[in-house]
Amino acid sequence: METEEQARNRFQSELEFIQCLANPNYLNFLAQRGFLREKPFINYLKYLLYWKEPEYAKFLKYPHCLHMLELLQYEHFRKELVNAQCTKFIDEQQLLHWQHYSRKRTRLQQALAEQQPAQQQQQQLLPPQHGNATAK
């Protein structure tokens, strides 16, 4: 049975490792070194799927790693990662996704900021309400 300190160290190590999976260049490195062909390593990737559970996923800074972890469950994907062109394509797609997400988020925040003053002005124009309007 592992001690609390050992459990904490394992948690931290697995957290760091799983987040590295968001980096396509690291995946390419693992593929070129043959790790993605080794059965024990593939089993370890299967074991790490527990990080998809909300109580663990909340600790991730790079949630994209969960998508990569899911893709790593497929042999075809693991084989393709040896190819530098495949890795470059994934890297470019990630960058485009992040750029689109950032632009979309900025536009949403601007729209919300513009709505707030308009709502405040509308509230100021409304006549004050007095107690029970139906009682005369």
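Just above sits the structure.
Just so it is clear, the structure is predicted and the values come from calculations on it, not from any experiment. (Residues numbered from 1 in each chain as written. Predicted model: local features only at pLDDT ≥ 70, side-chain atom pairs only at ≥ 80, totals over all residues. Heavy atoms only, no water.)

The secondary structure content of the protein amounts to 7 helices and 0 strands. Along the protein, helices and strands appear, N-terminal first, in the series α-α-α-α-α-α-α. Residues classed as buried in the protein amount to 24% of the 136 residues present. Put simply, 67% of the contacts in the protein that link residues at least 6 apart link residues at least 24 apart. Of the accessible surface of the protein, which amounts to about 10700 Å², a share of 55% is contributed by carbon and sulfur atoms. (Helix = DSSP H or I, 4+ residues; strand = E, 2+ residues; numbered from the N terminus. Buried < 20%, exposed > 50% of the residue type's maximum accessible area, 1.4 Å probe, protein only. Contact = heavy atoms within 4.5 Å. Areas by Shrake-Rupley, 256 points an atom, 1.4 Å probe, with all protein chains shown as cover.)

Topologically, Phe11 is positioned in helix α1 (residues 4-20). Among the residues examined, Phe11 registers a relative accessible area of 25% and is labelled partly exposed. Sequence separation between Phe11 and Tyr56 is 45 residues; the distance between their C-alpha atoms is 9.6 Å. Those residues within four positions of Phe11 in sequence are excluded, and the remaining contacts are Trp51, Tyr56 and Phe59.

For the structure on display, the rule yields 12 aromatic pairs. Ring centres of Phe17 and Tyr44 lie 5.7 Å apart, and the angle between their planes is 45°; on these two criteria the pair is classed as tilted. With a gap of 27 residues between them, Phe17 in helix α1 and Tyr44 in helix α3 (residues 39-47) connect regions that are remote in the sequence. For the ring pair Trp51 and Tyr56, a centre distance of 5.7 Å and an interplane angle of 65° mean the geometry is edge-to-face. Overall, the relative accessible area of 0% leaves Trp51 in the buried class. Residue classification places Tyr56 among the partly exposed residues on the basis of a relative accessible area of 29%. Grouping aromatic residues by their ring pairs yields a cluster made of Phe11, Phe17, Tyr26, Phe29, Phe35, Phe41, Tyr44, Tyr47, Tyr50, Trp51, Tyr56 and Phe59. (Phe/Tyr/Trp six-rings, centres within 6.5 Å; stacked < 30°, edge-to-face > 60°.)

Topologically, Asn28 is positioned in helix α2 (residues 24-32). With relative accessibility at 11%, the residue Asn28 sits in the buried group. Side chain to side chain, Asn28 and Thr87 meet in a polar contact 3.2 Å long. Those residues within four positions of Asn28 in sequence are excluded, and the remaining contacts are Leu81, Val82, Asn83, Ala84 and Thr87. (Polar contact = N/O pair within 3.5 Å; in protein donor to acceptor, adjacent residues only side chain to side chain.)

With that settled, consider α1. The end-to-end C-alpha distance of α1 is 24 Å, a good match for the 24 Å that 17 residues give at a rise of 1.5 Å each. Along α1, the residues classified as buried are Glu14, Leu15, Phe17, Ile18 and Gln19. Check the buried side of α1 and you find it contacts α2, α3 and α5 (64-71). (Expected span 1.5 Å × (residues − 1).)

Below, the discussion takes up the side chain of Arg78. With respect to the element layout, Arg78 can be found in helix α6 (residues 75-80). One buried charged residue, Arg78, forms no salt bridge at all, with the nearest opposite charge on Glu75 at 5.1 Å. The contact partners of Arg78, leaving out residues within four places of it in the chain, are Ala31, Leu36, Ile42, Leu72 and Gln73. (Lys, Arg positive; Asp, Glu negative; His and termini not counted. Salt bridge = Lys/Arg side-chain N within 4 Å of Asp/Glu carboxyl O.)

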